[in-house]
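Reading the structure
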Amino acid sequence: MADALSFLEEDFTCLICCDVFTDPVTLKCSHSLCEECLQRFWTTQDVPQCPVCRKECSHDEPTKSLAFRALCESFKKRKPSAVSGDVCPEHEEKFKLFCFVDKLPICVVCYTSKKHEDHKCSPVNEAAGNLKEDLKTQMDRLQVTLDDLKEAHESCVERAELSKEHTNMDENQIKKEFEKLHQFLKDEEEKQIRSLHKEMKLQDEKLQARMKELSAQISDLSERMAAVWQDIEAENITFLQNYSNTVKRLQHPSVANTTPELQEYQHYPIQTVIFATWARMQNLVEQPPVTLDPDTSSSKLLVSQDCTSVQYVEMNLHVSDNPKRLHDGVLASQGFSSGVHCWDVEVGDNNNWTLGVMGETVNRKKLCKMNAKNRFWCFRNVDGKYKKGKKPVSDIDSNERPNIIRLELDFDKGELRFIDPSRNRSLCTYTGGFPEKVFPYFCTGDADTPLSLFPANTLNV
């Protein structure tokens, strides 16, 4: 029925106002028009013409037909009314344009009114298409932000788990070391564990708060995006009517920095605490043992759990990039700026190693030149050949290769010596002083034989 009425509407439509005839009149050329439309058209003509065929006619020519008029009125009553959502409530005209200033669909009458004078407008379908593309572009950017938030959240979860693992490792190490001491050290042990848990609790609270914040942001942004996608999938008119609210959902989302600065996990200073405690116990330990700092090791070096040995690995390890980490090698946890210090390194059959000390301010992110001028004092074995930095050392017999390398650092005297303790022979010596604090340095390129550290004089050499 609706299709039939739509088909008949063409026969009842005035070609001037494009609406069903009102007070229709017919010219001699048989063309019908609204009486008012015809008279208004003739006011623009010098000689009256038919608006359809342009045939000249007279002002007395239009004739009325009561039957045709009644038929048009009946057709208007039977014609289904437009959907309310598609019609301008003020002018009862269909929405055909979209105003970009007011961000609302409008009718042709609204467009010609002063209310929308000089406003940029476009046809409904064209405006809806362009605006949907704009929203999709914004949604793509927000999707990137959402992905970054999720990645940051996952990073926090991993870091929280890693922090727990490190805490458990450090706690076990504390217990193991304190068991070696006298019974009265139990009180000291418990005090240090409480201090460790207190520090880790603060760090864990920060991580938990950050994860909660990220979860809230992810939830909020996901809901916003879901609502916008729902609006985009709506019919054009409904979409345009709700466009202002849709845009508001995209404005100023509560998105925080997706790559936050989180404090890197700091290992509990186990060896320092133990040394300080031992020193208070009648100097049972004369100096702190040299131990490796895993946070400084390059991605090709694997530091043992007790931080006393290092081994070369073929595949890069997954390590965080922190300011302390070296491009190559690993440093000791302890640095020296005074006094005399001594430590032994078991090299065994390793044919690719570098030992020495490195200045505190050396750029750790690139290969360091191996000389004192660049604050790097080292002794090396490269494929069985010994070198002082880059310079070969020729007076070492390959048949008498040392199994142990002892390093003696006299900071105040400005001297570093490399010794074969089994033969009490000096292998290499640096003099000239140290302009800054130095850290013991270790590096290996031999995957079969790790380097092992020991306090000097404790090995049976």
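Residues numbered from 1 in each chain as written. Predicted model: local features only at pLDDT ≥ 70, side-chain atom pairs only at ≥ 80, totals over all residues. Heavy atoms only, no water.

1. Digging into the side chain of Thr13
This is how the line gets drawn: In this text, helices come from DSSP runs of H or I with a minimum length of four residues, and strands from runs of E with a minimum of two, each type numbered from the N-terminal end. Each residue is assigned to one of three classes by its accessible area relative to the maximum for its type, calculated with a 1.4 Å probe on protein chains only: buried under 20%, partly exposed between the two thresholds, exposed over 50%. It only takes one pair of heavy atoms within 4.5 Å for two residues to be counted as in contact.
Residue placement: Thr13 occurs in the loop between helix H1 (2–8) and strand E1 (24–26). The class of Thr13 is buried, set by a relative accessible area of 18%. Not counting residues within four places of it along the chain, the set of residues in contact with Thr13 comprises Cys18, Asp19, Val20 and Phe21.

2. Describing the packing of helix H6 (residues 186–232) against helix H8 (residues 243–250)
Quick reminder of the rule: What counts as an axis is a line fitted to C-alpha atoms, over the stretch in contact for a helix, and the angles between N-to-C directions run from 0 to 180 degrees. Any angle that falls under 35 degrees is termed roughly parallel, while one over 145 is termed roughly antiparallel, one within 65 to 115 roughly perpendicular, and all others oblique. Two helices cross in a left-handed way if the nearer one is turned anticlockwise from the farther one by less than a right angle. They cross in a right-handed way if the turn is clockwise.
It is the contact of H6 with H8, at a shortest axis distance of 9 Å, that shows an interaxial angle of 155°. Considering their axes alone, H6 and H8 lie roughly antiparallel with respect to each other. Once H6 is placed against H8, the crossing between them reads as left-handed. Between H6, through Arg224, Ala227, Val228 and Asp231, and H8, the contact on the second element is made entirely by Thr246, Lys248, Arg249 and Leu250.

3. Here's the deal with the sheet that holds strand E11 (residues 352–359)
Using the following cut-off: A pair of strands counts as paired when DSSP detects no fewer than two bridges linking them.
Strand order in the open sheet formed by six strands is E9-E18-E11-E12-E13-E14, and the pairing between neighbours is antiparallel. Of all the strands in the sheet, the pair left with one neighbour each is strand E9 (330–331) and strand E14 (391–392). Relative to strand E18 (residues 438–444), E11 is paired through seven bridges, and the arrangement is antiparallel. Bridging from a neighbouring strand, Leu355 pairs with Phe442 of E18.

4. Brief notes about the confidence of the model for the protein chain
Note the threshold: In predicted models, pLDDT denotes the confidence assigned by the predictor to each residue on a 0 to 100 scale.
Within the protein chain, residue pLDDT values average 84, and 86% of them lie at 70 or more. Of the regions scoring below 50 in pLDDT, residues 282–287 engages in nine contacts with residues more than four places distant in sequence or in other chains.

5. Observations concerning the pairing of strand E10 (residues 340–346)
Among the seven residues in E10, five count as buried, and that is most of the element. Note: E10 against strand E15 (residues 404–410), seven bridges, orientation antiparallel. Looking at E15, one finds that Trp343 is bridged to Leu407. Pairing between E10 and strand E19 (residues 451–455): four bridges, direction antiparallel. Each bridged residue has a counterpart across the sheet, and for Trp343 the counterpart in E19 is Pro455.

6. Points about the pairing of E11
Counting buried positions along E11 gives seven out of eight residues, so the element sits mostly inside the fold. Examined bridge by bridge, E11 and strand E12 (residues 376–382) share seven bridges and lie antiparallel to one another. By the bridge assignment, Val357 is partnered in E12 with Trp377.

7. Let's talk about the sheet that holds strand E3 (residues 63–64)
Read from one edge to the other, the open sheet built from three strands follows the order E2-E1-E3, with strand pairing classed as antiparallel. The open sheet has two edge strands with one neighbour each: strand E2 (32–34) and E3. Bridge analysis of E1 against E2 gives three bridges, and the strand direction is antiparallel. Opposite Val25, over in E2, you have Leu33 as the bridge partner.

8. Describing helix H2 (residues 35–42)
Put simply, the test is: Along the arc lie the directions from the helix axis toward the C-beta atoms.
Of the residues making up H2, those classed as buried are Cys37, Leu38, Phe41 and Trp42. For H2, the buried positions fall inside an angular range of 130° around the axis, keeping them on one side. Lining the buried residues of H2 we find E1 and E2.

9. A short note on the packing of aromatic side chains
Applied cut-off: When the centres of two rings from Phe, Tyr and Trp lie within 6.5 Å, Trp using its six-membered ring, the rings pair. Their planes under 30 degrees apart give stacked, over 60 give edge-to-face, and anything left gives tilted. Two conditions define a charge sitting above a ring: the NZ of Lys or the CZ of Arg must be within 6 Å of the ring centre, and it must be within 35 degrees of the ring normal.
Taken as a whole and assessed by the stated rule, the structure comprises 15 aromatic pairs. Taking 5.4 Å as the distance between ring centres and 40° as the angle between the ring planes, the aromatic pair formed by Phe379 and Phe418 counts as tilted. Of this pair, Phe379 sits in strand E12 while Phe418 sits in strand E16 (residues 415–420); the two residues are 39 residues apart in sequence, bridging distant segments of the chain. Per residue, the accessibility class of Phe379 equals that of Phe418, and both read buried. One aromatic cluster is present, built from ring pairs that chain together Trp353, Phe379, Tyr386, Phe418 and Tyr430. Lying across the ring of Phe100, Lys120 places its NZ or CZ 5.4 Å from the centre.

10. So, unusual backbone geometry
Its identity as a non-glycine residue notwithstanding, Asp118 has a phi of 65°, on the positive side. By secondary structure assignment, the location of Asp118 is in the loop between helix H4 (108–112) and strand E6 (121–123). Although it is not a glycine, Cys307 adopts a positive phi angle of roughly 60°. Position of Cys307 among the secondary structure elements: in the loop between strand E7 (301–303) and strand E8 (309–312). Residue Cys307 is classed as buried on the basis of its relative accessible area of 17%.

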